[in-house]
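Take a look at the letters that make up each chain.
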Amino acid sequence: MADNKETSAAVSEESDPKAEATDRAQAEVNVAETDAEGSIGSEPGGEALEAEKTEDVNDKASDAYHAKVTAKAGTASGLAIGLVKELRPKQWVKNILVLAAPFAAGQILDTTILLDSLLAFVVFSMAASGIYFINDAIDVEADRQHPTKRNRPIAAGLIPVPVAYAVCVLLLAGSLAISAVVSMQLLAVMVVYIGVQLGYCFGLKHQPVIDLCIVASGFLLRLVAGGAAAELPISQWFLLVTAFGSLFMVAGKRYAEVKLAMETGAKIRKSLKAYSPSYLRFVWAIAAAITIMSYALWAYDIRELEQSRWGLISIIPMVIAILRYAVDIDKGVAGEPEEVVLKDKILMALGVVLAGFLFLAFYL
């Protein structure tokens, strides 16, 4: 009797179509979940795991990448690499603004003026790098709590803090010495720039709005430095374009930082906590509008002074470039302005077209 029951149960289990369908469905779900995790087609240490590992190491916010950076801390090679990185040569691109005033004055082809402008470029590069050293030395503890800033050379331990201060003094003193040789006007501009930037490093960066204005003023002072080095006049409209264009980019950068902090919970300084994404959108929208308006007025001024319509035509690539940059800001990916431009080929092409139209306006 018991054997009959076991046989019947076995037959029922083997022939129950509902049970078989349920088992097949569950198996498919398990396979799909396993595939989604990326483990199908590889054993531990296989291709899928290796790809995940490689991606993790290349992620600047990952612990693996941070461990890779700090591995050279305390070594001579680590110090050398750290010093080069802390100079931030990529950010020297923004110092090209010192050539804007001679270019807009139609004097960029004059050898003497071009040489003075190039010296102004060197001076600003030295001063800006010196400010990076002291700023990162002061913010070293805060940077170590940030997902990506902890990889900066000083925060990562590649450069000792005392060494950072010593390099800062050498760079700032050297920039002032060279400025004095070029012209007293350039020296005055550099004194103002360094004074404002030091004030920013030692506390003003924690003041809402003030920090935006100080960072934006750095771009404006670069423009003024180019004119001061060559002793050339600068159009008022050009100054307005530079000032509000700088505010536009700086507000975009702050917007990206605030958005990152909201998404990752990263520690940010007090001034950034005072900003909301909606406020920063308000700031960069207004700055963009004033930039476009000022540029349009300057273009009409060019037509009257240079008797050329190329200035008016240059409004087109200028407006498109502003709108293109605004796309990056709106996505929350607008970091350093020079990095945004260098990564966006369309922006770079628009910049070349804009410069070409202005060259035709000033030199033909």
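Fair warning: this is a prediction, and the values are worked out from it, not measured in the lab.

A. Main features of the nonpolar core. F248, W284, Y295, W298, Y325, L358 and F362 are the most contacted members of the largest nonpolar core, which totals 46 residues. Looking at this core, the elements that each hand over two or more residues are α6 (100-104), α11 (210-230), α12 (236-264), α14 (277-306), α16 (315-331) and α18 (345-363). The greatest single-element share of this core, amounting to 10 residues, is contributed by α14. Of the domains in this structure, domain 1 (66-234) and domain 2 (235-363) are the two that each give at least three residues to this core. Counting residues in each nonpolar core, the second largest holds 32 residues, with V140, L172, M190 and Y193 among its members.

B. Molecular detail of the environment of G218. For G218, the location among the structural elements is in helix α11. Contacts of G218, omitting those with residues within four sequence positions, involve Y193 and Q197.

C. Examining the pattern of salt bridges more closely. Applying the stated criterion to the full structure yields 11 salt bridges. Among the salt bridges present, the one from R152 reaches D143, with a minimum N-O distance of 3.6 Å. A salt bridge links E257 to R254; its shortest N-O distance comes to 3.1 Å. Placement of the pair is E257 and R254 together in helix α12, with a separation of three residues, close to one helical turn. Residue class for E257 comes out buried when judged on its relative accessible area of 18%. What you see here is one network of salt bridges that share partners, running through E86, R88, D136, D143 and R152.

D. Fine view of α18. The end-to-end C-alpha distance of α18 is 26 Å, a good match for the 27 Å that 19 residues give at a rise of 1.5 Å each. Buried within α18 are the following residues: L347, L350, L354, F357, L358, A361, F362 and Y363. Sitting at the head of α18, D344 places a side-chain oxygen 3.0 Å from the backbone nitrogen of I346.

Conventions we followed
- Residues numbered from 1 in each chain as written.
- Predicted model: local features only at pLDDT ≥ 70, side-chain atom pairs only at ≥ 80, totals over all residues.
- Heavy atoms only, no water.
- Core = buried A, V, L, I, M, F, W, Y, C linked by side-chain atoms within 4.5 Å.
- Buried < 20%, exposed > 50% of the residue type's maximum accessible area, 1.4 Å probe, protein only.
- Helix = DSSP H or I, 4+ residues; strand = E, 2+ residues; numbered from the N terminus.
- Domains from an automatic or database assignment.
- Contact = heavy atoms within 4.5 Å.
- Salt bridge = Lys/Arg side-chain N within 4 Å of Asp/Glu carboxyl O.
- Expected span 1.5 Å × (residues − 1).
- Polar contact = N/O pair within 3.5 Å; in protein donor to acceptor, adjacent residues only side chain to side chain.

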